[in-house]
Amino acid sequence: MKLLSVIIPAYNMEAYLARCVESILRTPSLAAVEIIIVNDGSKDKTLRIARQYAERYADTVRVVDKPNGNYGSTINAALPLAQGEYVKILDADDSFDGSRVAEMLAFLRKMQGVDMVVTPFVEVKGRRERRVEYNIYGRKLYEYGKSYDADKVFSDGAMRYFMMHGICYRTALLRDMGYRQSEGISYTDQEWVFYPLFRVKTIAFADIPLYRYNLSREGQTMDAKVQMRSLAQLVAVTEAMAYYFVTMSRSVQSGARLAFLRNIVADRMRIVYRKYLLVMDNQMFAASDFQLVDARLMRLADQCGIESLAVPVNNILRVDLLRPWLRRNRRYSALVRHLLLTADILMQWVYAVVFGH
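Bear in mind that the values here come from a model prediction, so they are computed numbers and not experimental data.

Novice: So what about the sheet that holds strand S12 (residues 211-214)? Which residues, and what values?
Specialist: Strand order in the open sheet formed by four strands is S5-S12-S7-S8, with mixed pairing between adjacent strands. Each edge of the open sheet carries a strand with a single partner, namely strand S5 (95-96) and strand S8 (128-132). Alignment of S5 against S12, held across two bridges, turns out to be antiparallel. In the sheet register, Ser95 faces S12, and the bridge partner there is Arg212.

The following block contains the structure:
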């Protein structure tokens, strides 16, 4: 019986896949791990590399070869095959800290039965590394190695959201809920950290920074320029999450959980509005379909029970980006937007200096 299934979505990842897989294989506890590499219609040598590993490590590595369907389709293809009690996603251009895999397996063995495990992760950009915690201003929130009632975590006001790199689910929980991600679009990792929260009953936190998130690759979906070109996909995922909330909210008994999930939807909407109302240049904005997007999001916000969609520049600079649009169908002027963006960058720098992030 495998303890952990690691799903690796891979599209044209010949330059990164070996490093990714090797980071798992170096663990002495390999017998407890299953690696499922999903080749998403790659046009390079990704499939060949994946099959070579499957031949060398037949008890550990499995390969799924499928036509291109984007990120969500790879998860949908792999999840029914997963044999591990727990499942975690590892993007092919990222890696694990191989020295921590055995530690993670020991933690999962100790906490068997918990629905969700949350860990820190490490952002890597060239030679710079930054550990990303789930805390506020360096304050430790939860005791490591202890199972918490999920509703307590959702209600304490300390957690706002989760990130894919730091979570691991009990596989049966995903199967029981019929989990599926949207296909054909990017940014569906947001669904991975949202839909299961409707069903998660217990959460454990581990001081194991297993995931190493590579920020150096050009053209990755989180690149600001790529996000602007792919804004329609960001909108589509946001709308899918809102529809899911509307559909599933009636089954949620906890008011605290419902409020937590509603806030996640609202934050995703605010990200979309921020892109349109602050980041997008005038020429692109004029050619965009923002009025239609705005109408759909406002309708969904109403259905979700979101009372206010004020879009502040950041948590400190509470200038509402949405206000001038709602009042006059107009954004702030180019000069004001430039000043707001500059202030936002400066505040991020100050935050990094003061709090070491």
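Novice: Pulling in residues and values, what's your account of the packing of aromatic side chains?
Specialist: This model, assessed by the stated rule, comprises 21 aromatic pairs. For the ring pair Tyr179 and Tyr195, a centre distance of 6.3 Å and an interplane angle of 55° mean the geometry is tilted. Within this pair, whereas Tyr179 is found in the loop between helix H6 (171-176) and helix H7 (189-192), its partner Tyr195 is found in the loop between H7 and strand S11 (202-205), the two being separated by 16 residues in sequence. Summarising the aromatic geometry, the rings of Tyr195 and Tyr244 are spaced 4.0 Å apart at their centres and angled 25° between planes, so their arrangement reads as stacked.

Novice: I'd like to hear about the sheet that holds strand S1 (residues 4-10), residue by residue, with values.
Specialist: Strand order in the open sheet formed by eight strands is S3-S2-S1-S4-S10-S6-S11-S9, with mixed pairing between adjacent strands. A strand with exactly one partner marks an edge of an open sheet, and here the two such strands are strand S3 (61-66) and strand S9 (147-149). Neighbour to neighbour, the strand axes of the sheet diverge by 25° on average, direction disregarded. When strand S2 (residues 33-40) meets S3, the two strands line up parallel, connected through six bridges. What sits directly across from Asp40, in S3, is Lys66. Packed on one face of the sheet, helix H1 (residues 17-25) meets S1 and S2 and runs near 170° to S2.

Novice: Account for the packing of helix H9 (residues 231-248) against helix H10 (residues 255-279), naming residues and giving values.
Specialist: Remark: H9 packs on H10, axes separated minimally by 10 Å, with the N-to-C direction vectors making an angle of 160°. Between H9 and H10, the angle falls in the class roughly antiparallel. Judged by the sense of rotation from one axis to the other, the crossing of H9 with H10 is left-handed. Here H9 contributes Leu231, Leu234, Val235, Thr238, Met241, Ala242 and Phe245 to the contact with H10, which in turn contributes Leu258, Leu261, Arg262, Ile264, Val265, Arg268, Met269, Ile271, Val272, Lys275 and Tyr276. Its residues assigned to classes, the contact of H9 with H10 comprises 14 nonpolar, one polar and three charged.

Novice: Could you give an account of unusual backbone geometry, naming the residues involved and the relevant values?
Specialist: Even without being a glycine, Tyr187 presents a positive backbone phi close to 70°. Tracing the sequence through the fold places Tyr187 in the loop between H6 and H7. The backbone of Asn329 shows a phi angle near 50°, a positive value even though the residue is not glycine. Looking at the element boundaries, Asn329 is found in the loop between helix H13 (323-328) and helix H14 (334-355).

Novice: Account for the pattern of salt bridges, with residues named and values stated.
Specialist: In this structure the tally under the stated criterion is 15 salt bridges. Its salt-bridge partner being Arg180, residue Glu183 comes within 3.0 Å of it at the nearest N-O pair. Residue classification places Glu183 among the partly exposed residues on the basis of a relative accessible area of 41%. The network of salt bridges with common partners includes Arg131, Glu133 and Asp207.

Novice: Explain H9 to me, using residue names and the numbers behind them.
Specialist: Helix length check: H9 (18 residues) gives 26 Å between terminal C-alpha atoms against 26 Å at 1.5 Å per residue, within 8%. Turning to H9, its buried residues are Leu231, Leu234, Val235, Val237, Thr238, Glu239, Ala240, Met241, Ala242, Phe245 and Met248.

Novice: Go over a positive patch on the surface with me, naming the residues and quoting the values.
Specialist: Side chains of Arg323, Arg327, Arg328 and Arg330 sit close together on the surface and give a patch of like positive charge. Relative to the helices and strands, Arg323 resides in helix H13.

Novice: Help me get a handle on the state of the cysteines, residues and values and all.
Specialist: By the definition in use, this model includes zero disulfides. Distance from the sulfur of Cys20, which forms no disulfide, to the nearest cysteine sulfur (Cys168) is 15 Å. Residue classification places Cys20 among the buried residues on the basis of a relative accessible area of 0%. Cys168 gets classed as buried once you look at its relative accessible area, which sits at 0%.

Novice: If you had to explain the environment of Ile75 to someone new, which residues and values would you point to?
Specialist: Inspection of the secondary structure puts Ile75 in helix H3 (residues 71-78). Assessed through its relative accessible area of 0%, Ile75 is described here as buried. Along the sequence, Ile75 and Ile7 sit 68 residues apart, while their C-alpha atoms lie 7.2 Å from each other. Setting aside residues no more than four positions away along its own chain, Ile75 makes contact with Ile7, Pro9, Ile89, Tyr179, Gln181 and Trp192.

Calculation notes
Residues numbered from 1 in each chain as written. Predicted model: local features only at pLDDT ≥ 70, side-chain atom pairs only at ≥ 80, totals over all residues. Heavy atoms only, no water. Pairing = 2+ DSSP bridges. Helix = DSSP H or I, 4+ residues; strand = E, 2+ residues; numbered from the N terminus. Phe/Tyr/Trp six-rings, centres within 6.5 Å; stacked < 30°, edge-to-face > 60°. Axes fitted to C-alpha atoms, helices over the stretch in contact; angles between N-to-C directions. Contact = heavy atoms within 4.5 Å. Parallel < 35°, antiparallel > 145°, perpendicular 65-115°, else oblique. Left-handed = near helix turned anticlockwise from the far one by under 90°. Nonpolar A, V, L, I, M, F, W, Y, C, P; charged D, E, K, R; others polar. Salt bridge = Lys/Arg side-chain N within 4 Å of Asp/Glu carboxyl O. Buried < 20%, exposed > 50% of the residue type's maximum accessible area, 1.4 Å probe, protein only. Expected span 1.5 Å × (residues − 1). Patch = residues over 30% accessible without salt bridge, like charges linked within 9 Å, V, L, I, M, F, W, Y side chains within 5 Å. Areas by Shrake-Rupley, 256 points an atom, 1.4 Å probe, with all protein chains shown as cover. Lys, Arg positive; Asp, Glu negative; His and termini not counted. Charge placed at Lys NZ, Arg CZ, Asp CG, Glu CD. Disulfide = S-S within 2.5 Å.

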